[in-house]
Amino acid sequence: MPRSVNHVASRARRKKILKLTRGYFGARKNVWTVAKNTWEKGLTYAFRDRKNKKRNFRALWIQRINAAARLEGMSYSQLMGALHKAGIEINRKVLADLAMNHPEAFKAIVAKVKA
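Conventions used here
- Residues numbered from 1 in each chain as written.
- Predicted model: local features only at pLDDT ≥ 70, side-chain atom pairs only at ≥ 80, totals over all residues.
- Heavy atoms only, no water.
- Helix = DSSP H or I, 4+ residues; strand = E, 2+ residues; numbered from the N terminus.
- Buried < 20%, exposed > 50% of the residue type's maximum accessible area, 1.4 Å probe, protein only.
- Contact = heavy atoms within 4.5 Å.
- Lys, Arg positive; Asp, Glu negative; His and termini not counted.
- Charge placed at Lys NZ, Arg CZ, Asp CG, Glu CD.
- Phe/Tyr/Trp six-rings, centres within 6.5 Å; stacked < 30°, edge-to-face > 60°.
- Patch = residues over 30% accessible without salt bridge, like charges linked within 9 Å, V, L, I, M, F, W, Y side chains within 5 Å.
- Areas by Shrake-Rupley, 256 points an atom, 1.4 Å probe, with all protein chains shown as cover.
- Salt bridge = Lys/Arg side-chain N within 4 Å of Asp/Glu carboxyl O.
- Core = buried A, V, L, I, M, F, W, Y, C linked by side-chain atoms within 4.5 Å.

Below, the discussion takes up the overall build of the protein. A tally of helices and strands in the protein yields 5 helices and 0 strands. Ordered by position from the N terminus, the helices and strands of the protein form the series α-α-α-α-α. By its C-alpha atoms, the protein is 90 × 30 × 20 Å across when sized along the principal axes. Considering the protein as a whole, with its 115 residues, one finds that 21% of them fall into the buried category. In the protein, of all internal contacts separated by at least 6 residues, the share reaching a separation of at least 24 is 41%. Computed over 27 positive and 6 negative side-chain charges, the inter-centroid distance for the protein is 16 Å.

Structure below.
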């Protein structure tokens with residue numbers, strides 16, 4: 001009995017990957033093995049960079065808080081220590097947003113912490 005191969009499914013599987021690699025450079029977009037390897041590598045980069053994105057944003061928030069705190073005569077670490085001691089529960093994301101967009105509110109928080 002002749003061997004039966006499901007060409008429809010295997011072709012569809014290849015087309016799906018090749019569609020995802022459109023826009024890549026050279027053979028990465030149209031040669032099956034190269035495109036498949038590139039696509040798989042891209043998935044690992046995507047996983048890694050979803051983690052790095054959180055790290056980068058936290059670093060950005062800290063830099064913004066530090067810059068605003070220094071205008072008020074405190075360092076970042078002094079401000080965060082004083083916030084903790086005063087029992088003010090506010091995260092870095094909100095604090096950085098206040099420092100950037102609502103400096104008067106940030107000044108009020110720093111004044112409350114200093115007192």
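So, about the packing of aromatic side chains. In the structure shown here, the tally under the stated rule is 1 aromatic pair. When the ring of Phe-57 is compared with that of Trp-61, the centres are 6.1 Å apart and the planes differ by 40°; the resulting orientation is tilted. Placement of the pair is Phe-57 and Trp-61 together in helix α2 (residues 32–71), with a separation of 4 residues, close to one helical turn. On the accessibility criterion, Trp-61 (22% relative accessible area) is partly exposed.

Next up on the list: a positive patch on the surface. Residues Arg-11, Arg-13, Arg-14, Lys-15, Lys-16, Lys-19 and Arg-22 make up a contiguous surface patch of positive charge. Tracing the sequence through the fold places Arg-11 in helix α1 (residues 7–20). On the basis of relative accessible area, Arg-11 is assigned to the exposed category, the value being 51%.

Soluble, globular proteins show a tendency: their nonpolar side chains are buried together. In this structure, Ile-65, Met-74, Leu-79, Leu-83, Leu-95 and Phe-106 are the most contacted members of the largest nonpolar core, which totals 17 residues. Secondary structure elements with two or more residues in this core: α2, α3 (76–86), α4 (92–101) and α5 (103–114). By residue number, the principal contributor to this core is α3, which donates 5 residues. Ignoring anything within four residues of it in the chain, the contact list for Leu-83 reads Ile-88, Ile-90, Leu-95, Ile-109 and Val-113.

Our focus in this paragraph is the pattern of salt bridges. Applying the stated criterion across every chain yields a total of 2 salt bridges. Lys-36 serves as the salt-bridge partner of Glu-40, at 3.2 Å between the closest nitrogen and oxygen. In this pair, Glu-40 and Lys-36 are both assigned in helix α2, 4 residues apart and thus about one turn of the helix distant. A salt bridge links Arg-48 to Asp-49, with the nearest nitrogen and oxygen atoms 2.9 Å apart.

With respect to the secondary-structure elements, Arg-28 resides in the loop between α1 and α2. Exposure remark for Arg-28: the relative accessible area of 44% places this residue in the partly exposed category. When the C-alpha atoms of Arg-28 and Trp-39 are compared, they prove to be 8.6 Å apart, with 11 residues separating the residues in sequence. If we ignore the near neighbours within four places in the chain, the residues touching Arg-28 are Thr-21, Val-34, Ala-35 and Thr-38.

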